[in-house]
Amino acid sequence: MAAECDIIRLKAGASTPTDVFGARANTLAELIAAGFHTTDAWAISVDRIRAIARSDFPKSWPFADRLNRGELFSLRSSPVVRAWGGPETLLNIGMTGVVRDRLAQTLGLEAANSLYCRFVQDYSVQVMRLDEEEFEEVLAGVKDDTPDRAKALAACLDYYEYEMDEPFPQDPIEQLQNAARSMASAWMGTSARILREAKGADNDAGLGLIAQQMVLGVGRGESGAGVGQFISPRNGAIMAHGRYLSQGQGLDALDAGNDASFLGADERGPSLETLAPEAFEQFHAATELARQVFRDDMRLEFTVHDSQIFVLDAVPAERSARAAVAVMVRLVEDGIKSKREALLGIDPRSLNEILHPQIDPKATRDVLASGIGASPGAATGRIVFTASAAQASKARNEPCILVRVETAPDDIRGMHSAEGVLTERGGITSHAAVVARGLGLPCVVGASSLDIDGRAKSLNVIKTGVILKEGDVITLDGKTGEIILGAPKLVQPNLSGSFDTFMSWTKDYRKLGVRANADTPSDARLARAFGVDGVGLCRTEHMFFEENRLNVMRELIFAETAAGRESALNLLLPMQREDFIELFSIMQGQPVCIRLLDPPLHEFLPRSRDEIRHLAEEMNLSVSKVTSRIEELSEFNPMLGTRGVRLGITVPEIYDMQARAIFEAAAEVQKKTGKVLEPEIMVPLVSANREVEIVRARIETVVSNVEDATGMKLKFALGVIVETPRAALRARDIAKSVTFLSFGTNDLTQMTYGLSRDDAGRFMRQYVAEGVFPEDPFHTLDIEGVGELMLMAASRGREERPDLTLGLCGEHGGDPVSIAFCYAAGFDYVSCSPFRTPIARLAAAQAQILDSKATA
């Protein structure tokens, strides 16, 4: 049974723990203690509310005498965690016919009747659960030709008595107890429980209530109610922002549309500043004081009575990610927060909103369909269905969206030319998703509600029957996964100023390195601009998909003799060497980890009949010859076939050429700079140490030959990318031949689960919804399964070689939860696409700060 002391008056020195009285009560207590101008209030505890839900009311309410004297009160929810929400506030408790008559003497009969009418309606709907629409129909049917709204009030009272079979209650305590019980019951109802559990609340999450003396917001002089802050929610600039409704109550200003005023005179339309300059100055002073008290910019709920401000509540100011960073920087500069606190104050994932264009929040969205948001940002363009069409569109300076059933490696040129990518199939780590994130392109995959027909050049929205053709304009939202018709206004990113300052603080609070996946020199330049610690993954195959190189690669594949292969490789060698020279020069001595060729050779060959015929013409071969070679290279499961190290062992000339290009490039850069380079060479898809030994022997031969030819002493580090469960299990053995292990968690997750990352999107949402997986394992690292393999490999590898370097180069390298795991596991670095490196840098700093707090 709840104790009578479960209802306390909020005043300076009062103890109001959040778990006992809720978050809002705790905030109001802080406001009162800090000297804010507010009204008397009482906090009702979580335990007492649970008792009230069972109709176990207190023997007496400590403010009952005030209610009985005719003072009006509000009843507000105070959940233990604000984000859980709560029942709607009820205003004007205690309003009766007698109180209406008294108020009429000071406010006038019309205002008093309006307040009474409002309370009858709110009480009927919120407390007694009468139908709101029927109530509004009753009021709409009243022709109130009286100047004092007497007919409207009478209709409200009559409707209540008709529905409830009793007159409207005139006992203030009865009103209070019914309201409190209704709010408590609503909180414990099934719908409310499901909603807050979706926000992370426990099944028995607690709700407190606040009973607070009303400031009417109605009366002579300037009176009203509003909500506002003194920062721009868009960019964090110092300015008044919010809404105010003269002669209004509670949150009326937010629902009043054009009838409500702004706060500052610099905003369009009437404002609190022009209506009541004195009240506006009080509001400004209150926001400054709240900033000092709560050590953050706050959004205040307030009521004005005769130009006097009464502050009722304070929550962190509304802000975009861009504004949040600006706010944190200013709080540090003003000495209110430390850099450590500021870094912990930003969700790393929110930086996506800063790094990429976004759809203006005020823009209208004509949503055609939805898929999986696989790469953040927004992009608008005309639909194209082929990579060549995307290239042609770019040549005409026409923005385009590349639309495919699914992408393949030979679509990369088209992806480089497009503003965004949309695919019917695929998941969060499908080819389209991974490449788009690397390029910083907005991407939506797994849009299964679309029927994309590349031959007919049409996109059919299955549910609505809408058909779009090549040239139609669409917009992609890579965050939400929405495909939008037309071109809503976009907000462009701004990475200077506060963002640069904020990100510069991360280097002082992290030891976990953050590298970038950079496949081209342009990727490397972008990575350097984002302040990375090196290149953690350079996928060399992407260098071969430029048109002039792709043809040479195909010549290699079709060569029937060693001499023919050598001729093609001699053409590829200078191309690769120039890429590596530029890459090493851009990174200026930072680590560069180069993965040797990984995909199976068939990925470099055409697929459609038109492409096959075109290749036959270019190579002066018959179509049957080209088709025969494609069939010869095809495999039932190419991702588990002749790729990676298997290709390097069976066609060793390819890895020899790549190693030679790396070392010749290193020698040239060393000669120019005088600084010794140590390229990191990574062998893909390893499952046995003997594979590494074979590759190492050939690389050592190549480096020796290059040293002899250049007269330069060259260094290198050899490692493997751990993608197979067997490589993880045999890490102790593999560590004998390498100096680093880098975990390729995209493939490692596929092979551990037996899931195709390209097809998992078809069922992953349902699996997460059903609780089969807590999260998409391609999005957030599966710590219990894949993570255990990684920990096992790390432990075994370092038992053999204590100085073994450990890294992660899968897409999980940009996920904050996965980064925290890598930090705790003692990894040396993570690597992700350049546009995700700021997220990784912040997440790595947060992991270290939180760890230092835990161990302090």
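Please read these numbers as outputs of a predicted model, since none were measured by experiment. (Residues numbered from 1 in each chain as written. Predicted model: local features only at pLDDT ≥ 70, side-chain atom pairs only at ≥ 80, totals over all residues. Heavy atoms only, no water.)

Novice: Mind showing me how you'd approach the sheet that holds strand β8 (residues 261-262) here?
Specialist: Adjacent strands of a sheet pair through backbone hydrogen bonds, lying either parallel or antiparallel. The strand order β8-β7-β6-β9-β10 describes an open sheet built from five strands, whose pairing is antiparallel. For this open sheet the edge positions go to β8 and β10 (308-316), each flanked by a neighbour on one side alone. Pairing geometry for strand β7 (residues 238-246) and β8, over two bridges, is antiparallel. Paired with Tyr-244 across the two strands is Ser-261, which belongs to β8. Along the sheet, helix α13 (residues 277-294) makes contact with β6 (224-231), β7, β9 (298-305) and β10, crossing β9 at roughly 145°. (Pairing = 2+ DSSP bridges. Helix = DSSP H or I, 4+ residues; strand = E, 2+ residues; numbered from the N terminus. Contact = heavy atoms within 4.5 Å. Axes fitted to C-alpha atoms, helices over the stretch in contact; angles between N-to-C directions.)

Novice: What is the right way to read the nonpolar core from this model?
Specialist: In globular proteins that are soluble, nonpolar side chains generally tend to be buried together. By size, the foremost hydrophobic cluster in this structure holds 102 residues, and its most contacted members are Phe-584, Phe-663 and Leu-741. Residues contacting Phe-584, with those up to four places away along its chain left out, are Gly-589, Val-592, Ile-594, Ile-662, Ala-665, Ala-666, Val-669, Leu-677 and Pro-679. Ranked by size, the runner-up nonpolar core spans 56 residues in total, among them Ile-44, Val-80, Ala-152 and Ile-173. (Core = buried A, V, L, I, M, F, W, Y, C linked by side-chain atoms within 4.5 Å. Buried < 20%, exposed > 50% of the residue type's maximum accessible area, 1.4 Å probe, protein only.)

Novice: Can you walk me through the pairing of strand β24 (residues 513-517) in this structure?
Specialist: The side chains of a regular strand alternate, residue by residue, between the two faces of the sheet. When you tally the buried positions in β24, you get five out of five residues, the bulk of the element. In this sheet, strand β31 (residues 829-832) lies alongside β24 in parallel orientation, the contact comprising four bridges. Note that in β31 the partner of Ala-516 across the bridge is Cys-832. With two bridges connecting them, β24 and strand β25 (residues 535-539) associate as parallel partners.

Novice: I tried to follow helix α19 (residues 431-439) on my own but got confused; where do I start?
Specialist: Helical geometry note: an α-helix holds 3.6 residues per turn, so side chains three or four residues apart project in the same direction. In terms of residue burial, α19 counts as a mostly covered element, since eight of its nine residues are buried. Among the residues of α19, His-431, Ala-432, Ala-433, Val-434, Val-435, Ala-436, Arg-437 and Gly-438 are the ones counted as buried. Count one or two residues on from α19 and you reach Gly-440, which has phi positive near 75°.

Novice: Can you walk me through a negative patch on the surface in this structure?
Specialist: A surface patch of negative charge is lined by Glu-88, Asp-131, Glu-132, Glu-133, Glu-134, Glu-136, Glu-137, Glu-163 and Asp-255. By secondary structure assignment, the location of Asp-131 is in the loop between α6 (109-127) and α7 (132-140). On the basis of relative accessibility, which here comes to 37%, the residue Asp-131 falls in the partly exposed class. (Patch = residues over 30% accessible without salt bridge, like charges linked within 9 Å, V, L, I, M, F, W, Y side chains within 5 Å. Areas by Shrake-Rupley, 256 points an atom, 1.4 Å probe, with all protein chains shown as cover. Salt bridge = Lys/Arg side-chain N within 4 Å of Asp/Glu carboxyl O. Lys, Arg positive; Asp, Glu negative; His and termini not counted. Charge placed at Lys NZ, Arg CZ, Asp CG, Glu CD.)

Novice: For this particular structure, what's the right way to read the environment of Ala-433?
Specialist: Along the polypeptide, Ala-433 turns up in helix α19. Judged by relative accessible area, which is 0%, Ala-433 ranks as buried. Separated by 92 residues in sequence, Ala-433 and Glu-341 have C-alpha atoms that sit 34 Å apart. Sequence-distant contacts of Ala-433, that is, excluding residues within four places in its chain, are made with Ala-374, Gly-427, Ile-428, Cys-443 and Val-445.

Novice: Where do I start with the pairing of strand β18 (residues 450-453) in this structure?
Specialist: By the alternation rule, side chains of β18 split into Leu-450 and Ile-452, which are all buried, and Asp-451 and Asp-453, of which none is buried. Here β18 runs beside strand β19 (residues 458-461); their pairing, made up of four bridges, is antiparallel. Within β19, the residue paired with Asp-451 across the bridge is Asn-460. The antiparallel pairing of β18 with β19 creates a hairpin that spans four residues between the two strands, and Lys-457 there sits at a positive phi of about 50°.

Novice: Which parts of the structure should I look at to understand empty space enclosed by the protein?
Specialist: A probe matching the size of a water molecule, rolled over the atoms, marks out where space remains unfilled. Taken as a whole and assessed by the stated rule, the structure comprises four cavities of 30 Å³ or more. Quantified by volume, the largest cavity comes out at close to 90 Å³. Lining the largest cavity are 13 residues; nearest its centre among them are Arg-76, Met-214, Val-215, Thr-303 and Leu-312. When residues of the lining of the largest cavity are traced back to their parent elements, those giving at least two are β3 (73-79) and β5 (207-213). (1 Å grid on protein atoms, 1.4 Å probe; cavity = no way out; pocket = protein on both sides within 12 Å on 5 of 7 lines; lining within 4 Å. Points joined across faces, edges and corners; volume = space filled by probe spheres on them.)

Novice: Help me out: how do you make sense of the packing of helix α3 (residues 46-53) against helix α9 (residues 172-188) in this one?
Specialist: Pairs of packed helices are described in terms of their axes, by the angle between the two and the distance that separates them. Across the interface, α3 lies against α9 with an axial gap of 8 Å and an inter-helix angle of 95°. Judged on the interaxial angle alone, α9 and α3 are roughly perpendicular. Between α3, through Ile-49, Arg-50, Ile-52 and Ala-53, and α9, the contact on the second element is made entirely by Ala-180, Arg-181, Ala-184, Ser-185 and Met-188. Among the residues forming the contact of α3 with α9, the class breakdown is six nonpolar, one polar and two charged. (Parallel < 35°, antiparallel > 145°, perpendicular 65-115°, else oblique. Nonpolar A, V, L, I, M, F, W, Y, C, P; charged D, E, K, R; others polar.)

Novice: Explanation requested: the environment of Leu-139 in the structure shown.
Specialist: Examined against the element boundaries, Leu-139 turns out to sit in helix α7. Separated by 78 residues in sequence, Leu-139 and Trp-61 have C-alpha atoms that sit 34 Å apart. Look past the residues within four positions of Leu-139 in its chain and what remains in contact with it is Cys-117, Gln-121, Ala-152 and Cys-156.

Novice: Would you take a moment to explain the layout of surface pockets for this structure?
Specialist: Volume-wise, the second largest pocket comes out at about 930 Å³. Surrounding the second largest pocket, 29 residues form its lining, Pro-233, Arg-234, Ser-320, Pro-361 and Lys-362 being those nearest its centre. Going through the elements one at a time, β7, α14 (321-333), α16 (352-355) and β11 (358-359) are the ones with two or more residues in the lining of the second largest pocket. Counting residues per element, the lining of the second largest pocket draws most heavily on β7, which supplies four residues. Broken down by class, the residue content of the lining of the second largest pocket amounts to nine nonpolar, eight polar and twelve charged.

Novice: How do you make sense of the packing of α6 against helix α8 (residues 150-164) when you look at a structure like this?
Specialist: Between α6 and α8, the least distance of the axes is 9 Å, while the angle of their chain directions is 25°. It follows that α6 is roughly parallel to α8 by the angle criterion. Here α6 and α8 pass one another in a crossing that is left-handed. Contact residues: Asn-113, Tyr-116, Cys-117, Val-120, Tyr-123 and Ser-124 in α6; Ala-150, Ala-152, Leu-153, Cys-156, Leu-157 and Tyr-160 in α8. Grouping the constituent residues of the contact of α6 with α8 by class yields ten nonpolar, two polar and no charged. (Left-handed = near helix turned anticlockwise from the far one by under 90°.)

Novice: Help me understand the pattern of salt bridges, please; the structure alone is not making it clear to me.
Specialist: Side chains that carry opposite charge are capable of pairing whenever their charged atoms lie near each other. In the structure shown here, the tally under the stated rule is 51 salt bridges. The residue Arg-9 makes a salt bridge to Asp-40 at a minimum N-O spacing of 2.9 Å. On the criterion of sequence distance, the pair formed by Arg-9 in strand β1 (residues 7-9) and Asp-40 in the loop between α2 (23-33) and β2 (41-44) is long-range, its members being 31 residues apart. We classify Asp-40 as partly exposed; its relative accessible area is 22%. A salt bridge links Asp-40 to Arg-66, with the nearest nitrogen and oxygen atoms 2.7 Å apart. One end of the pair, Asp-40, is in the loop between α2 and β2; the other, Arg-66, is in helix α4 (residues 64-68), with 26 residues separating them in the sequence. By relative accessible area, Arg-66 is classed as buried at 15%.

Novice: Where do I start with the side chain of Thr-96 in this structure?
Specialist: The residue Thr-96 is located in the loop between β4 (90-93) and α5 (97-107) in this model. Among the residues examined, Thr-96 registers a relative accessible area of 6% and is labelled buried. Residues within four places of Thr-96 in sequence aside, it is in contact with Tyr-116, Gln-170 and Gln-175.

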